Amino acid sequence: MTENLKHLIKDHINFPVKGIIFKDILPLLQDPDIFAKVIEEMSNSPIFRNADAIISIDARGFIFGTAISFYLSKPMVVARKPGKLPGKLIQKSYDLEYGSNSLAIQEESIKPYKSFAIVDDLLATGGTVKCVAEILNDSCKEISGLSVVIELGELCGRDKFKFPVESNIVL
Ligand code: AMP
């Protein structure tokens, strides 16, 4: 699986800023069989069995979170970048591998659920996921774990978390 995936992840040097090697995961969507295998592999984790709902992160996290939600018939909510969500929001800022940003969750969307599995495309420094985890923790929610397709191993993002972290491929 790892070898099948590796050739579908394209490196873009110095994008979006100098010094960053951007891992473009979108080519893997052009191979429906591999995409289906990735979703199956992610979905078979206890991280999802132990969660009431999935929370996916803007924007590429939505692609994988939505497919897992369909596959497992689990509800999904979203964490989005500023200015995208209506209604009463819970918002927090965080640092990225490049720059900083903030994420917001609709307060109403998380109310019905006690535990969440977090989904994103890639784990780098872990700042993005930490932001989502803090919003959930501040709202007295539990986190069953994090599922990502790619993990940048050298950045040790997983060390920021006490909950389980699973990735299909470590680069
Ligand atoms: P981080 O907060 O550092 O773990 O960064 C993770 C988030 O930023 C994910 O939503 C990724 O989509 C994006 N990201 C960070 N670094 C990269 C990278 N080198 N290539 C592609 N996406 C990245």
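Here's what I pulled together on the structure shown here.

The rules behind these values
- Residues numbered from 1 in each chain as written.
- Predicted model: local features only at pLDDT ≥ 70, side-chain atom pairs only at ≥ 80, totals over all residues.
- Heavy atoms only, no water.
- Helix = DSSP H or I, 4+ residues; strand = E, 2+ residues; numbered from the N terminus.
- Rg over C-alpha atoms; globule rule 2.2 N^0.38 Å.
- Buried < 20%, exposed > 50% of the residue type's maximum accessible area, 1.4 Å probe, protein only.
- Axes fitted to C-alpha atoms, helices over the stretch in contact; angles between N-to-C directions.
- Parallel < 35°, antiparallel > 145°, perpendicular 65-115°, else oblique.
- Left-handed = near helix turned anticlockwise from the far one by under 90°.
- Contact = heavy atoms within 4.5 Å.
- Nonpolar A, V, L, I, M, F, W, Y, C, P; charged D, E, K, R; others polar.
- Pairing = 2+ DSSP bridges.
- Right-handed = clockwise from strand over helix to strand, strands pointing away.
- Phe/Tyr/Trp six-rings, centres within 6.5 Å; stacked < 30°, edge-to-face > 60°.

## Description of the overall build of the chain
The secondary structure content of the chain amounts to 6 helices and 9 strands. Taking 16 Å as the expected radius of gyration for a compact globule of 171 residues, we find that the chain reaches 15 Å, a close match to that expectation. A principal-axis box enclosing the C-alpha atoms of the chain has dimensions of 40 × 35 × 30 Å. Across the 171 residues that make up the chain, the buried fraction comes to 46%.

## Overview of the packing of helix H2 (residues 32-43) against helix H4 (residues 60-72)
In contact at an axis separation of 9 Å, H2 and H4 are set at 70 degrees when each is read in the N-to-C sense. Our classification of the angle between H2 and H4 gives roughly perpendicular. Where H2 crosses over H4, the handedness of that crossing is right-handed. Each of Phe-35, Val-38, Ile-39, Glu-40, Met-42 and Ser-43 in H2 lies in contact with H4, whose residues at this interface are Ile-63, Phe-64, Ala-67, Ile-68, Tyr-71 and Leu-72. Residues belonging to the contact of H2 with H4 are distributed by class as follows: 10 nonpolar, 1 polar and 1 charged.

## Some thoughts on the environment of Tyr-94
Along the polypeptide, Tyr-94 turns up in strand E5 (residues 89-95). The buried category is assigned to Tyr-94, whose relative accessible area is 7%.

## What to know about the side chain of Ser-147
With respect to the helices and strands, the residue Ser-147 is situated in strand E8 (residues 142-151). For Ser-147, a relative accessible area of 2% gives the class buried. If we skip the residues at most four places from it in the chain, Ser-147 touches Met-42, Phe-48, Ile-118, Val-119, Asp-120 and Glu-166.

## A closer look at the pairing of strand E4 (residues 76-79)
Each regular strand shows side chains that alternate between the opposite faces of the sheet. Alternating residues of E4 divide into Val-77 and Ala-79, all buried, and Met-76 and Val-78, none buried. Direction of pairing for strand E3 (residues 53-57) relative to E4: parallel, over a ladder of 4 bridges. Each bridged residue has a counterpart across the sheet, and for Ile-54 the counterpart in E4 is Met-76. Considered for its hand, the β-α-β crossover made up of E3, H4 and E4 is right-handed.

## Topic: the packing of aromatic side chains
One pass over the structure, following the stated rule, counts 4 aromatic pairs. Here Phe-35 and Phe-64 contribute two aromatic rings whose centre-to-centre distance is 5.9 Å and whose plane-to-plane angle is 85 degrees, an arrangement assigned as edge-to-face. You can see Phe-35 sitting in helix H2 and its partner Phe-64 sitting in helix H4, a full 29 residues away along the chain. Plain terms: the ring middles of Phe-161 and Phe-163 are 4.9 Å apart, the flat faces sit at 15 degrees to each other, and that makes the pair stacked. Across the pair, Phe-163 and Phe-161 agree in class, each one buried.

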